[in-house]
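Here are the chains, one letter per residue:
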Amino acid sequence: PIKQETWLVDGELKTWTGKYTDVFSPISSTDDYQPTRLGSIPAMGEAEGLEAVNSAAKAYNKGQGLWPTMKVADRIKCMEKFTAKMKATREEVVKLLMWEIGKSLGDSQKEFDRTIDYIYNTIEEYKKMDREGARFQKSEGVHAMVRRGPLGVVLCLGPYNYPINETFSLLIPALIMGNTVILKPPKFGVLALSPILPAFAESFPPGAINIIYGRGREVAGPIVQTGKVDVLALIGNSTSARALQDQHPHKNRLRMIFSLEAKNPAIVLPDADLDLAIEECITGTLSFNGQRCTALKIVYVHEAVADEFNRRFSEKVDAMKFGNPWEPGVKLTPLPEPDKPDYIQGLIDDAKRHGAKILNAKGGEHYDNYIFPAVMYPVNKEMRMYHEEQFGPVIPVIPFKDINEPLDDMAESNYGQQVSLFGKDVNTLAPLIDALTNLVCRVNLNSSCQRGPDVFPFTGRKDSAAGTLSIYDGLRSFSIRTFVAAKEN
Ligand code: G3H
């Protein structure tokens, strides 16, 4: 077991002498299922939250601290030093991702490598932005040099499905722009950060980055209540995001960068290439067991092809292999949230009560802390799974006659992240793409929804997001434009 004995505050890896909370793996190491105890983390509270926010505020020092005033080239050196050290932790982090959140070996490696690429690409984009900003502009006799400056103290909260990659998609641009940061890792996937902790301590000046442990309610709440946080950066659910936002004493001054729930639909038109649509819908609905904000969470199929789609799609789902994350060919793995199988079962039961059927033979079978994906048909608005972001292995399928049916549903939805559109006829697709672009932020043509490549803007409409992330946008989201102006004499 791994005991996370230190936390990072004021540049020091301090040893924790208080209580600890156990961390469990969803992977059973015995035949009679018992969750495996992986280790423990400090059970911190208000006092440590305050210590961390005070450390970040002191390091920021109202914009006059060492980190926010450091030259761009020097901040880059710190970031490069950190990345070189982080690279050496790959094997350990990958192993922890598999054990803690049940992510497959390939996806765990991808998560780590994508993060390293993200940092290097952010550094390059930062250099480019700085070069471009340093050019003088002139208008109406005013010469100006426009730059980007930090915003202040950032509280960073990442999600369990990408505890490293998505957390870093907030942390890295926040840090490199000269903000000081308090990072609280997610409940599941928390130990995956442990091997990287020393690299932070050795690479950045005291207080630039602070890492604390504990439950959000007990640690993040008190931090926000101090009013010392300028940016709340969170990837997770809107209930926690808005609850935290509301605790800020001057919430109108607080900047929010959120990536929240989504209910991305797939729309399969009558002329779609069904092989392709089925393949992409499998990836879209079930990669990492559907535990992705970008997952396809509802599938609309035109009634002309619904029978064939349903039959072939269900067969493919049943052919998917369930097992431990390191086993070759395994796509479906145990779920880290202990209550998730019951929640999914609840959605299935509710849909059945309202007239839907499970189409695939294995749908809903339980394996300890796993439930085999169920393809549910026909789903309608009476059912909870139509409205709720399932974030797990259940696939609601809805037949449609007229394209306005899915379009109207999307217009009424509280969410607006992405859509996948499957079809061939350009004359049908072109106006549809225009309509869909005004409902969501990314239209995926004949492909499933996803966040990457990371150069593209990642955001959403309505309750799905606040602010935009990407290699380009992250730097801009975590900074503000400032300029020096002089009049021509
Ligand atoms: O949970 C939401 C993630 O941003 C999904 O990212 O599309 O790269 O899996 P992904």
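Here goes a summary of the coordinates provided. (Residues numbered from 1 in each chain as written. Predicted model: local features only at pLDDT ≥ 70, side-chain atom pairs only at ≥ 80, totals over all residues. Heavy atoms only, no water.)

**Focus: the packing of aromatic side chains**
(1) Moving on: Evaluated as defined, the whole model comprises 12 aromatic pairs.
(2) Moving on: Ring geometry for Tyr160 and Phe188: centres 5.9 Å apart, planes at 80 degrees, overall edge-to-face. Here Tyr160 is found in the loop between β8 (153-157) and α6 (165-176), whereas its partner Phe188 is found in the loop between β9 (180-184) and α7 (197-203), with 28 residues between them in sequence. Judged on exposure class, the residue Tyr160 and its partner Phe188 are both buried.
(3) Moving on: Aromatic pair Phe322 and Tyr367: ring centres 4.9 Å apart, planes at 25 degrees, arrangement stacked. Placement of the pair is Phe322 in the loop between α11 (303-318) and α12 (340-353) and Tyr367 in strand β16 (residues 366-367), with a sequence separation of 45 residues. (Phe/Tyr/Trp six-rings, centres within 6.5 Å; stacked < 30°, edge-to-face > 60°. Helix = DSSP H or I, 4+ residues; strand = E, 2+ residues; numbered from the N terminus. Buried < 20%, exposed > 50% of the residue type's maximum accessible area, 1.4 Å probe, protein only.)

**Thoughts on the pattern of salt bridges**
(1) Moving on: Tallied over the full model, the rule gives 24 salt bridges.
(2) Moving on: Here Asp107 ties to Lys110 by a salt bridge, and the two come within 3.6 Å at their closest N and O atoms. Of this pair, Asp107 and Lys110 both sit in helix α5 (residues 105-133), separated by three residues, roughly a single helical turn.
(3) Moving on: For Asp107, a relative accessible area of 29% corresponds to the partly exposed category.
(4) Moving on: Under the relative-accessibility criterion, Lys110 is labelled exposed at 56%.
(5) Moving on: Residue Asp275 is joined to Arg312 by a salt bridge in which the shortest nitrogen-to-oxygen separation is 2.1 Å. Highlighted residues: Asp275 in helix α10 (residues 274-286) and Arg312 in helix α11, separated in sequence by 37 residues.
(6) Moving on: Taking the relative accessible area as the measure of exposure, Arg312 reaches 21% and is therefore partly exposed.
(7) Moving on: Taken together, the shared-partner salt bridges in this structure form one network comprising Asp275, Glu308 and Arg312. (Salt bridge = Lys/Arg side-chain N within 4 Å of Asp/Glu carboxyl O.)

**Points about the site of the ligand**
(1) Moving on: Near the ligand, the surroundings consist of Arg114, Asn161, Tyr162, Glu166, Arg292, Cys293, Thr294, Gln450, Arg451 and Phe458.
(2) Moving on: In the model, an oxygen atom of the ligand is placed 2.4 Å from a nitrogen or oxygen of the Tyr162 side chain.
(3) Moving on: Here an oxygen atom of the ligand sits 2.8 Å away from a polar atom, N or O, in the main chain of Arg451.
(4) Moving on: The protein chains hide 96% of the 310 Å² of surface that the ligand would expose on its own.
(5) Moving on: Because more than half of its atoms lie within 2 Å of the grid, the ligand is assigned to the second largest pocket. (Near = heavy atom within 4 Å. Polar contact = N/O pair within 3.5 Å; in protein donor to acceptor, adjacent residues only side chain to side chain. Areas by Shrake-Rupley, 256 points an atom, 1.4 Å probe, with all protein chains shown as cover. 1 Å grid on protein atoms, 1.4 Å probe; cavity = no way out; pocket = protein on both sides within 12 Å on 5 of 7 lines; lining within 4 Å. Sits in = over half its atoms within 2 Å of the grid points.)

**Quick word on the packing of α5 against α6**
The packing of two helices is summarised by the inter-axis angle and the distance between the axes.
(1) Moving on: At a minimum axis distance of 10 Å, the contact between α5 and α6 shows a crossing angle of 20 degrees. The angle between α5 and α6 places the two elements in the roughly parallel class. As for the relative orientation of α5 and α6, their crossing is right-handed in sense. Note on element contacts: α6 touches α5 through Asn165, Phe168, Ser169, Ile172, Pro173 and Ile176, opposite Glu111, Arg114, Thr115, Tyr118, Ile119, Thr122, Ile123 and Tyr126. (Axes fitted to C-alpha atoms, helices over the stretch in contact; angles between N-to-C directions. Parallel < 35°, antiparallel > 145°, perpendicular 65-115°, else oblique. Left-handed = near helix turned anticlockwise from the far one by under 90°. Contact = heavy atoms within 4.5 Å.)

**Some remarks on unusual backbone geometry**
(1) Moving on: Residue Pro378 is reached from Tyr377 by a cis peptide bond, and omega for that bond is -15 degrees.
(2) Moving on: Following the sequence through the fold, Pro378 ends up in the loop between β18 (374-377) and α13 (384-387).
(3) Moving on: We note that Asn61 has phi near 45 degrees; this positive angle belongs to a residue other than glycine.
(4) Moving on: As for its position among the elements, Asn61 is in the loop between α1 (46-60) and α2 (66-69).
(5) Moving on: Relative accessible area serves as the criterion here: at 41%, Asn61 is assigned to the partly exposed category.
(6) Moving on: Of note in this structure, Asn289 is not a glycine but carries a positive phi near 60 degrees.
(7) Moving on: Its place among the elements puts Asn289 in the loop between α10 and β14 (296-302).

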